[in-house]
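# Coordinate inspection notes
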Amino acid sequence: MADAPSDPKPPAAEAGAAGAEGAAPSKKAAKKAEAKAKKEAEKARKAAEREAAAAAAKAASGAAEDLAKENYGDITPTTKVDAERVHLKDIGDEHLDKVIKLRAWIQNSRLQGAKMAFVELREERDWSIQGVMVANNEGKPVSRQMVKWTGSLTLESFVLVEAKVVKPLEPVKSCKVSDYELHISKCYLVAPGPPVLGMSLAVANRAVSSFEDEEHHAADAGKDVEEVKDGVAALSVDSIAHASMSTHLNNPAMHKRAPVQQAIADVRMTVRKLFSDYLESKGFVQFEPPCLIGASSEGGANVFSMPYFDKAAFLAQSPQFYKQFEIAGGRKRVYCIGPVFRAENSNTPRHMTEFTGLDLEMEIEDHYHEVLHMLEGVLLYIFRGLEEKCAKQIELIRTVYPSEDFLLPEPGKEVRLTFAEGQKLLREEGPEEFRNVSDDEDMSTPQEKALGALIREKYKTDFYVLDKFPESARPFYTIEDPENPKVTNAYDFFMRGQEILSGGQRIHVPTELEARLRKKGIDPTSPGIKEYVDVFRSVGVPPHGGGGIGLDRVVAWYLNLPSVHLASYYPRTPKRLLP
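Residues numbered from 1 in each chain as written. Predicted model: local features only at pLDDT ≥ 70, side-chain atom pairs only at ≥ 80, totals over all residues. Heavy atoms only, no water.

Applicable threshold: UniProt positions are given in the numbering used here, feature names are shortened, and annotations may be inferred rather than shown by experiment.
The name given to the chain in an unreviewed UniProt entry is Probable aspartate--tRNA ligase, cytoplasmic, and the organism recorded there is Pseudallescheria apiosperma. In the Catalytic activity (unreviewed entry) part of its UniProt record, the chain is described as follows: "tRNA(Asp) + L-aspartate + ATP = L-aspartyl-tRNA(Asp) + AMP + diphosphate".

Okay, structure coming up:
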């Protein structure tokens, strides 16, 4: 007994103790597991941060997937925008919240952050509207890349856009269409503008600074380029440079894009149409005289000559002979509109070597004043028609070239003075230097302007007629006054003191025509002249008269422009043959 162990454990108890030890790990093991889990979680967090940062960097660099790439870029033959085509001048409340398409020039643009761009879009004339492009969080239909691309388009690029018409928070004062704006969803580049414009639109739409000799103004183009280098700022500041006429004509596309120049062109074409409408209502028919002729048309030196196969040819100084040929050919009343060429080395704002003539000729029944009154009637019709048809254009032009209203006489109170009466008025009431003007010599330009100022003050009109010009101041085909051979049955018409029309009664009897040719020192048998006289020998020609109006001058003086060159599409001067 003494050899038996004390307090022995049974086998089952030993097994139970061992099982309890395996099911409950130690505190040390638990802490170790917890630390490991935290470490894994931190590792996953940092990996996610790195991935997010990489994605952000990728997006910021523009390398992220562009979900809007089909909605912008260079236009291709397969590009289609199916929205309704609407012109800016037609946009109204009926288009609100509708999607439209527009083809226009980029007049101005600016980025506002990375998600928004503003662009001013312009159609013809001054029709412009603000466009807004905003990137969506989803990246479509507009992405940040699309906004950045659109905001970087150069000025005067031509684009096709799709956009929704909406109301802006407040009117957009910089655009003509101020009560609406476009929220752009697509933008395609049709034709890019240059990196730097030769002349900005803002400069093109300012008054021309100088009309002097072109070679003196080469530096002006540089000034205009500097003006547009900062793009947006150049269109918004008030201190924008003015450019010379030379700079304007050396940048013909921008010159013509200027709203003021398009408005002047509108007035010009309206004058042509009104001229035709009035005369056709009075029984006139239109014809087409040639520009190439075989001899100097009026026997003078101011004619352009050129080789013509084996002989010389000339550019017509006027359609005068051909108007008379039409009357000789049996027409009662004719008119024509076309180019007239004068080889005069006159570098003034009043002269061009090529201009457009509005000419008419008509049979006289009783007195040559029938023609004078017809010419007076057509011009008054034109002036009153412009007031009605071109009011908006005239208003726009006056914002650039200020002028007073063109005063017209009341019906029945038209101002018609003889040449001698005009000179008398100058002598008695004009400036001191005109106290001794002669009734036998033609007026100078300063005399004309001084007389115009006197007539405006005295008769309240900018339009008037001077009749009975001295014989020495009129061409060989003008008939002399039967009662006073020192003067002729001839007249000039004036606007704002500047001549815009010459005309009169023509000699229709060949023997009288020959006598006057000799009086003027012209050989009746010389080339061109003989053929002219022969027409009056070949048939009996009724008494007739007419006049030639300078279209460019009518437009320029009506608008009181500083130069007739501004009224011409492509002015030709002794120093200008391009563009």
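## Thoughts on the nonpolar core
The following threshold applies: To form a nonpolar core, buried Ala, Val, Leu, Ile, Met, Phe, Trp, Tyr and Cys residues must be joined to one another through side-chain atoms within 4.5 Å. Think of it in three bands: with a 1.4 Å probe and only protein chains considered, a residue is buried below 20% of the maximum accessible area for its type, exposed above 50%, and partly exposed in between. Going along the chain from the N terminus, every DSSP run of H or I of four or more residues is numbered as a helix, and every run of E of two or more is numbered as a strand. Source of the domain bounds: an automatic or database domain assignment. We call two residues in contact whenever any of their non-hydrogen atoms come within 4.5 Å of each other.
Membership of the largest hydrophobic core comes to 97 residues, with the highest contact counts inside it found for L121, L379, F383 and F493. The biggest single contributor to this core is helix α11 (residues 369-389), with 10 residues. For this core, the two domains that each supply at least three residues are domain 1 (72-191) and domain 2 (261-566). With near-sequence residues (within four places) excluded, F493 lies in contact with L372, L375, E376, L379, F463, Y464, V465, Q498, E499, I500 and L501. By size, the runner-up hydrophobic cluster in this structure holds 19 residues, among which are I479, I522, I529 and V533.

## Topic: the sheet that holds strand β10 (residues 305-308)
Paired through backbone hydrogen bonds, the strands of a sheet run either parallel or antiparallel to each other. Counted only if it meets this: Strand pairing is defined by DSSP finding a minimum of two bridges between the two strands.
Pairing is antiparallel across the open sheet formed by three strands, whose spatial order is β9-β11-β10. Single-partner strands in this sheet number two, and they are β9 (292-293) and β10. Pairing of β10 with strand β11 (residues 311-315) involves four bridges; the strand directions are antiparallel. Each bridged residue has a counterpart across the sheet, and for P307 the counterpart in β11 is A312.

## Notes on the state of the cysteines
Applied cut-off: Our working definition of a disulfide is a cysteine sulfur pair at a distance within 2.5 Å.
On inspection of all chains with the given rule, the structure shows zero disulfides. Sulfur of C336: no disulfide; nearest cysteine sulfur belongs to C291 and is 9.8 Å away.

## Regarding the sheet that holds strand β13 (residues 354-363)
With respect to topology, eight strands assemble into an open sheet ordered β8-β12-β13-β20-β19-β18-β15-β14, the strand pairing being mixed. With partners counted over all chains shown, the strands left at the sheet margins are β8 (285-286) and β14 (416-418), one partner each. Taken together, the three bridges between β14 and strand β15 (residues 463-467) define a ladder with parallel strand orientation. Each residue of the ladder has a partner; that of T418, found in β15, is D467.

## Observations regarding a positive patch on the surface
This is how it is decided: To count toward a patch, a residue needs a relative accessible area over 30% and no salt bridge; like charges are then connected within 9 Å, while nonpolar side chains (Val, Leu, Ile, Met, Phe, Trp, Tyr) are connected within 5 Å. Reported accessibility uses the Shrake-Rupley method at a 1.4 Å probe radius. Residues are deemed covered only where the shown protein chains occlude them. Here, a salt bridge means any side-chain nitrogen of Lys or Arg that lies within 4 Å of a carboxyl oxygen of Asp or Glu. None of His or the chain ends enter the tally, which takes Lys and Arg as positive and Asp and Glu as negative. Taken as the charge centre is NZ of Lys, CZ of Arg, CG of Asp or CD of Glu, depending on the residue.
A cluster of basic residues, K39, K43, K46 and R50, forms a positive patch on the protein surface. Assignment of secondary structure puts R50 in helix α2 (residues 27-60).

## Observations concerning the environment of E65
Among the secondary structure elements, E65 is positioned in the loop between α2 and β1 (72-74). On the accessibility criterion, E65 (68% relative accessible area) is exposed.

## A short note on the pairing of β11
Summarising the sheet, β9 and β11 pair through two bridges and their orientation is antiparallel. The partner of I293 across the bridge, within β11, is F314. Linking β10 to β11, which pair antiparallel, is a turn of two residues; within it F309 sits at a positive phi near 55°.

## Observations regarding the packing of aromatic side chains
For clarity, the cut-off: Any Phe, Tyr or Trp ring, taking Trp's six-membered ring, that has another such ring centre within 6.5 Å forms a pair; planes under 30 degrees apart are called stacked, those over 60 apart edge-to-face, and the others tilted. The criterion for a charge sitting over a ring is simple: Lys NZ or Arg CZ within 6 Å of the ring centre, and within 35 degrees of the ring normal.
All chains considered together, the criterion is met by 21 aromatic pairs. Measuring from centroid to centroid gives 5.4 Å for Y72 and W149, while their planes differ by 50°, and the two rings are tilted. Highlighted residues: Y72 in strand β1 and W149 in helix α3 (residues 144-151), separated in sequence by 77 residues. Among the residues examined, Y72 registers a relative accessible area of 17% and is labelled buried. Each ring, one from Y368 and one from Y491, has its centre 6.4 Å from the other, and the planes form 5°; the classification is stacked. One end of the pair, Y368, is in the loop between β13 and α11; the other, Y491, is in strand β18 (residues 490-495), and 123 residues separate them in sequence. Both residues of the pair, Y368 and Y491, count as buried. Connected via pairs of aromatic rings, a cluster forms that spans F321, Y322, F325, F476, Y477, Y532 and F536. The residue whose ring lies beneath K176 is W127, and the NZ or CZ to ring-centre distance is 4.2 Å. When the ring centre of Y570 is taken as reference, the NZ or CZ atom of K256 above it lies at 4.3 Å.

## Topic: a nonpolar patch on the surface
A contiguous nonpolar patch, built from M269, Y569 and Y570 and spanning about 290 Å² of accessible area, is present on the exposed surface. As for its placement among the helices and strands, M269 is situated in helix α9 (residues 259-281). You can call M269 partly exposed: its relative accessible area is 38%.

## Points about helix α15 (residues 510-519)
To keep it simple, the criterion reads: In this description, the arc belongs to the directions extending from the helix axis to the C-beta atoms.
If you check which residues of α15 are buried, you get P510, L513, E514, R516 and L517. Seen along its axis, α15 keeps its buried residues to an arc of 165°; they face one direction. Exposed residues lying more than 90 degrees from the buried face of α15 are T511, R518 and K519. Immediately downstream of α15, the backbone of G521 shows phi near 80°, a positive value.

## Considerations on the environment of Y368
Look at Y368 and you get buried, because its relative accessible area is 3%. Linking Y368 and N489, residues 121 residues apart in sequence, is a C-alpha distance of 7.1 Å.

## A look at the side chain of R553
Going by this rule: Polar contacts, as counted here, are pairs of nitrogen or oxygen atoms within 3.5 Å of one another; within protein the pair requires one atom able to donate a hydrogen and one able to accept it, and residues that are adjacent in sequence qualify only if both atoms are side-chain atoms.
Counting through the fold element by element, R553 comes out in helix α17 (residues 551-559). Look at R553 and you get buried, because its relative accessible area is 14%. Polar side-chain contacts of R553 include one of 3.2 Å to the backbone oxygen of E499. With residues up to four places along the chain from it excluded, the contact list for R553 reads R350, H351, E499, I500, Y558 and V564.

## Things to note about the packing of helix α13 (residues 419-429) against helix α14 (residues 445-459)
As a reminder, the rule being used: Note on method: axes are straight lines fitted to C-alpha atoms, helices fitted across the in-contact stretch only, with angles between N-to-C directions ranging 0 to 180 degrees. Any angle between 65 and 115 degrees counts as roughly perpendicular, while under 35 counts as roughly parallel, over 145 as roughly antiparallel, and the rest as oblique. Note on residue classes: Ala, Val, Leu, Ile, Met, Phe, Trp, Tyr, Cys and Pro are nonpolar, Asp, Glu, Lys and Arg are charged, and everything else, Gly too, is polar.
Packing of α13 against α14 leaves a shortest axis separation of 10 Å and a crossing angle of 85°. Compared by their axis directions, α13 and α14 come out roughly perpendicular. Contact with α13, carried on its side by G422, Q423, L425, L426 and E429, involves Q447, A450, L451, L454, I455 and K458 of α14 and no other residues of that element. Here the residues of the contact of α13 with α14 are counted per class, giving six nonpolar, three polar and two charged.

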